Amino acid sequence: MVSCIKSSTVHIGRILALTFFAIFIVNPAIAEEEEKQTLLIEKWLLLGKFEVMPPAFSLQKNIEGEVFKNTNLLDYNYIHFDQLSPEEDKEVKWKAGTYKWETIKTAKSGFAFPGKNNNKDKNELAYLATYINADQWSKVTLEVSSPQMFEVYIDGKKIKTKKSIEDAEGSPGDVEVDLKLKRGKHLLMIKTLKTKNNSADWMVKANLKINDGVPEKAVSVGISPTKTFNIEHLLNGEFINNVSISPDGRLVLLNFSEVTPPDGDKKSWSEVRNLETGKLFHSFRGSKMHNIKWLPIGSALSLETSNGDKGSSVWVYDFKEMIQKKILKNINDFGSFTWSPDGAFIIYTISEDPDDKSDNLKRYEGMPDRWPWWRSRSFLYKMDVFSGATERLTYGHVSTNLHDISPDGTKILFSQSLPNFTERPFSKQFLMEMDLLTYVVDTLWEKNFSGQCQYAPDGEHLLVTGSPALFGKTGINVTGNVIPNDYDTQAYIFDPDTDDVDPITFNFNPSINSASWSKYDDNTIYFLAGDKTYRRIFSYDLNTRYFSEIKTGIDVVNSFSLAKSLPIAVFTGSGISTPKYAAAINLSDGEITTICNPRWQTYNNVEFGETEEWVFTNKNGVDIDGRIYYPPNFDKKKKYPLIVYYYGGTSPTERSFGGRYPKNLFASQGYVVYNLQPSGATGYGQDFSAAHVNNWGITVTDEIIDGTKQFLDAHDFINADKIGCIGASYGGFLTMLLQTRTNIFAAAISHAGISSISSYWGEGYWGYLYSSVASANSFPWNNKKLYIDQSALFNADKINTPLLLLHGSDDTNVPPGESIQLYTALKLLDKPVEYIEIKGQNHQILDYKKRIEWQNTIFAWFDKWLKDQPDWWNEMYPDRNL
């Protein structure tokens, strides 16, 4: 409940320092009088009262020469903030008691009374809470009055303390603090303390004064904890990363991480749980162990420990015998290890670095030599578990990469890759098989395209995944004389003795992410595959040659693991509005059991908007998939700004939760979000993905423009004058190119975009390699139309849309010069453009604090141009007259 009046108070000047917290405390150095709308808080959630007592020996002086005072009782956090979570009737445990949050109303005076002042011989503590909801970025002034001591918190951050106590005859003391509220709901909590022998009433009053310029009703208060999705929900808390199952199917290994504000401190750990009961079996929390994996038999784990200059060691934890054993000791430059199928030995890698004689000058040995790690070489070793004996298996100047160990443990598959600059894709793979008894090596193939291989259960055939062109035309299924998309991964069964190849996914549209040949059923192969915007588990029956979807109940499966002795798999996954969790599935009857869902508590009171599919037909008669994300409390009678999101760089924008460009988060800011899946993406069949090759945005930009126009025609709740677009990497390239081809957007954002295809091709770490697919057999000297005409830099004079360019200063994938040169062009052309460089970040913004600043920058830019709300942007990036 809120009452509104007018009052006169100070206006706080603008802070120049860029900050990122949900709430900001303003320096009141500059002030001017202005009218403000005032909201009186008339309803609170109350927890308490609790009796609090001074500690023992409180009359003794401490090391500072001071005795304990009653005011010190306010300093201690009696209940951790995370445990409070104010909600009506929610229980909170303290000492031996259980307390509930209850609703109280203020008196006519505006004061709330946490308790009667009739216990004059006790010190008592209480918490008052309410929620401030901001529909837009807003400046407000919070005023709190009480004759008692109190602390004020916003979203768990203490912002003000009052330690004075007024007597019953005097006026209540008050404090003021100026706040800046991001859009969303913010928890206001007051911890209030009444000390004994205090005659003043125990009462608290609070109100909000809203700065002039903030629309009426843009800020409100209430006691409902239901809130919209925000960046803190996305980044903070406990996460499940992946899960694997023991070969016998009894235990599961879960890998967790936890991120805590305000600095984004991250902890990672692993746990072993009983799959049937869910009970914790063993925890590696706080240990320095990593690379934890199951042995191939039973329920034992192996793991790696590192000890600085002494190298790495490998341990075995046998949960059946309850023993641990170090099997490999103090190996320097240790890489990774793989168990033999019977657990008798491991194959491990050691890296070697050349002794470069000069740090000042470097002769490049080819384009890959730009990669800092390229000169490091990796070689294979074998360690016998029973005897502890070790052997070196490979030597030379070319790295050897292990693929698999044969079922009988007598052979290994490994490969070497060498640059091959004479033909696409500019490297050559040599696949070899070694006899572990004789060290005799047999070369199975020499191919331009690389494949990933594993043995079939019979040890005679290989399961291979790779490009449609891996085996020449055998795996290519495109119409006409077009080049297939090499990122559209296929699966094959290869016979090394006869060179026969069975392209088992030839008529299977989903693109393969990973493959596992079942150890429980030799006639079944399981695939994790991108199926349009879904990622699903499929089984392939070698007898019927049919693929069947495994119904997991989730949109995007991130990873899965198969038991060997039972028909059970475990997996992690997420959905459009479903955070990532771990589950198990019985592959015989399809029964699914949730193993853990650590995100449920974070999102317990978070309200998401609705989502729905929206498909349009392009000019060639091809259906283009899309999704709509509606803001919470969507009202189709209102007009909304629209954000159009895309990638277009051949990987589909999946239906997963979160990510670096979380569409739910954009929607929570009051936007309708249209996410379309243009031509060229994998998971739709080879014809669809081949549209990416030698196109570089022409088809895709036309589809984005056409799709956006059709979307407007079909949805009259969109304000056609307030449409924004955003993309990153290849999507950033599309953002730049789009503005040269249309004026339908009122604002655009490009993160790590490519403005000149030729400079990216030559300068990006993987520019020429990515281009070997995206512009196959096309180069700046033989296809100037593609490299120049389809680059935004050479068409910069056509750009009129306000464009925000974002780039990590250390981006090695798409160098920051791609944004800098377009920024230079647009500034010289006097076009509306801003360039924000994120210091110390590569292609992705991974630093916790910088990620929040970067995300807020995106919101502020769209608010400025799509909502006519420039205050947030101006606060973050004020004119400095430099």
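Calculation notes
Residues numbered from 1 in each chain as written. Predicted model: local features only at pLDDT ≥ 70, side-chain atom pairs only at ≥ 80, totals over all residues. Heavy atoms only, no water. Pairing = 2+ DSSP bridges. Helix = DSSP H or I, 4+ residues; strand = E, 2+ residues; numbered from the N terminus. Axes fitted to C-alpha atoms, helices over the stretch in contact; angles between N-to-C directions. Buried < 20%, exposed > 50% of the residue type's maximum accessible area, 1.4 Å probe, protein only. Contact = heavy atoms within 4.5 Å. Phe/Tyr/Trp six-rings, centres within 6.5 Å; stacked < 30°, edge-to-face > 60°. Lys NZ or Arg CZ within 6 Å of the ring centre and 35° of its normal. Expected span 1.5 Å × (residues − 1). Patch = residues over 30% accessible without salt bridge, like charges linked within 9 Å, V, L, I, M, F, W, Y side chains within 5 Å. Areas by Shrake-Rupley, 256 points an atom, 1.4 Å probe, with all protein chains shown as cover. Salt bridge = Lys/Arg side-chain N within 4 Å of Asp/Glu carboxyl O. Lys, Arg positive; Asp, Glu negative; His and termini not counted. Charge placed at Lys NZ, Arg CZ, Asp CG, Glu CD. Polar contact = N/O pair within 3.5 Å; in protein donor to acceptor, adjacent residues only side chain to side chain. Right-handed = clockwise from strand over helix to strand, strands pointing away. Core = buried A, V, L, I, M, F, W, Y, C linked by side-chain atoms within 4.5 Å.

K.L.:
Any details on the sheet that holds strand β36 (residues 500-502)? Residues and values, ideally.
P.N.:
Here we have four strands laid out as an open sheet, ordered β33-β34-β35-β36, and antiparallel in their pairing. Each edge of the open sheet carries a strand with a single partner, namely β33 (451-455) and β36. Averaged over all neighbouring strand pairs, the angle between strand axes comes to 30°, with direction disregarded. Inspection of the sheet shows strand β34 (residues 462-466) paired to strand β35 (residues 490-495) by five bridges, in the antiparallel sense. The residue bridging Leu463 from the neighbouring strand is Ile493, located in β35.

K.L.:
Got a sec to walk through unusual backbone geometry? Specific residues and values, please.
P.N.:
Residues Gly48 and Lys49 are joined by a peptide bond in cis, for which omega reads 25°. Along the polypeptide, Lys49 turns up in strand β4 (residues 43-51). The peptide bond linking Arg424 to Pro425 adopts the cis configuration, its omega dihedral lying at 5°. If you check the backbone angles, Asn694 has positive phi at about 55° while not being a glycine. Tracing the chain through its elements places Asn694 in the loop between α4 (686-690) and α5 (698-714). One non-glycine residue, Ala752, lies in positive phi territory at about 55°.

K.L.:
Can you explain helix α8 (residues 767-774)? Please cite residues and give values.
P.N.:
Within α8, seven of the eight residues are buried, which leaves it mostly tucked inside the rest of the structure. Inspection of α8 places Gly767, Tyr768, Tyr770, Ser771, Ser772, Val773 and Ala774 among the buried residues, and these make up the whole buried set. If you follow the buried residues of α8, they end up packed against α6 (730-739), α7 (757-763) and α9 (784-789).

K.L.:
Summarise the packing of aromatic side chains; cite the residues concerned and give the values.
P.N.:
Considering all chains together, one arrives at 61 aromatic pairs under this definition. Taking the centre distance of 5.4 Å and the plane angle of 85° together, the rings of Phe281 and Phe319 count as edge-to-face. Residue Phe281 is found in strand β20 (residues 280-283), and its partner Phe319 is found in the loop between β23 (312-318) and β24 (323-331); the two are separated by 38 residues along the sequence. Site record: aromatic cluster; members linked through ring pairs are Phe50, Tyr76, Tyr78, Trp94, Tyr99 and Tyr127. One Lys or Arg, Lys293, reaches over the ring of Phe337 and ends 4.4 Å from the middle of that ring. Of note, Arg377 hangs over the ring of Trp374, and the distance from its end group to the ring centre comes to 4.7 Å.

K.L.:
Tell me about helix α11 (residues 848-866), and name the residues and values.
P.N.:
Here α11 contains 19 residues, and its C-alpha end-to-end distance of 27 Å stays within 8% of the 27 Å for a straight helix at 1.5 Å per residue. Where α11 terminates, the next one or two residues include Asp868, which has phi positive at roughly 55°.

K.L.:
Residues and numbers for the sheet that holds strand β21 (residues 290-294), please.
P.N.:
Reading across the sheet, the four strands line up as β21-β22-β23-β24 and stay open at both edges, with antiparallel pairing between neighbours. Where the open sheet ends on each side, the last strands, each with one partner, are β21 and β24. Each adjacent strand pair in this sheet contributes to an overall mean axis angle of 15°, direction not counted. As judged from the six bridges shared by β23 and β24, these two strands associate in the antiparallel manner. When the bridges of β24 are listed, Asp318 appears paired with Ile323.

K.L.:
Give a description of the environment of Ala129 that names residues and reports values.
P.N.:
Here Ala129 shows up in strand β8 (residues 124-134). The exposure class of Ala129 is buried, given its relative accessible area of 0%. For Ala129 and Leu46, which are 83 residues apart along the polypeptide, the C-alpha to C-alpha distance reads 6.5 Å. Beyond its immediate stretch of four places on either side in the chain, Ala129 contacts Trp44, Leu45, Pro86, Trp101, Leu187, Leu188 and Met189.

K.L.:
Explain a negative patch on the surface to me, and be specific about the residues and the numbers.
P.N.:
A cluster of acidic side chains, namely Asp408, Asp442, Asp458, Glu460, Asp497, Asp499, Asp500, Asp521 and Asp522, defines a negative patch on the protein surface. The topology assignment puts Asp442 in strand β32 (residues 441-447). For Asp442, a relative accessible area of 43% corresponds to the partly exposed category.

K.L.:
Explain the side chain of Thr524 to me, and be specific about the residues and the numbers.
P.N.:
Residue position: Thr524 is located in strand β38 (residues 524-531). By relative accessible area, Thr524 is classed as buried at 9%. Within the structure, the side chain of Thr524 is placed 2.8 Å from the side chain of Asp521, a separation counted as a polar contact. If we ignore the near neighbours within four places in the chain, the residues touching Thr524 are Trp517, Ser518, Ser539, Tyr540 and Leu542.

K.L.:
I'd like a description of the pairing of strand β50 (residues 640-645), backed by residues and values.
P.N.:
Buried residues dominate β50, accounting for six of its six residues. Pairing of β50 with strand β52 (residues 718-728) involves five bridges; the strand directions are parallel. By the bridge assignment for β52, Tyr640 is matched with Ile718. Where β50 meets strand β51 (residues 672-676), four bridges bridge the pair, whose relative direction is parallel. Among the inter-strand pairings, Leu642 is bridged to a residue of β51, identified as Val672. Crossover β50 to β51 through helix α3 (residues 663-668) is right-handed.

K.L.:
Got a sec to walk through the nonpolar core? Specific residues and values, please.
P.N.:
Counting 50 residues, the largest nonpolar core has Val644, Val672, Trp696 and Ile704 as the members making the most contacts within it. The greatest single-element share of this core, amounting to six residues, is contributed by α6. Ignoring anything within four residues of it in the chain, the contact list for Ile704 reads Val644, Tyr646, Leu676, Leu734, Leu738 and Phe745.

K.L.:
Break down the pattern of salt bridges for me, citing the residues and quoting the values.
P.N.:
Summed over the entire model, instances satisfying the criterion amount to 33 salt bridges. One salt bridge connects Glu166 with Lys162, and the closest N-O pair in it is separated by 3.0 Å. Assigned by exposure class, Glu166 and Lys162 land together as buried. A salt bridge links Asp868 to Lys722; the shortest N-O distance between them is 2.9 Å. Of this pair, Asp868 sits in the loop between α11 and α12 (871-876) while Lys722 is found in strand β52, placing the two residues 146 residues apart along the sequence. Judged by its relative accessible area of 54%, Asp868 falls in the exposed class. Note on Lys722: relative accessible area 16%, which makes it buried.

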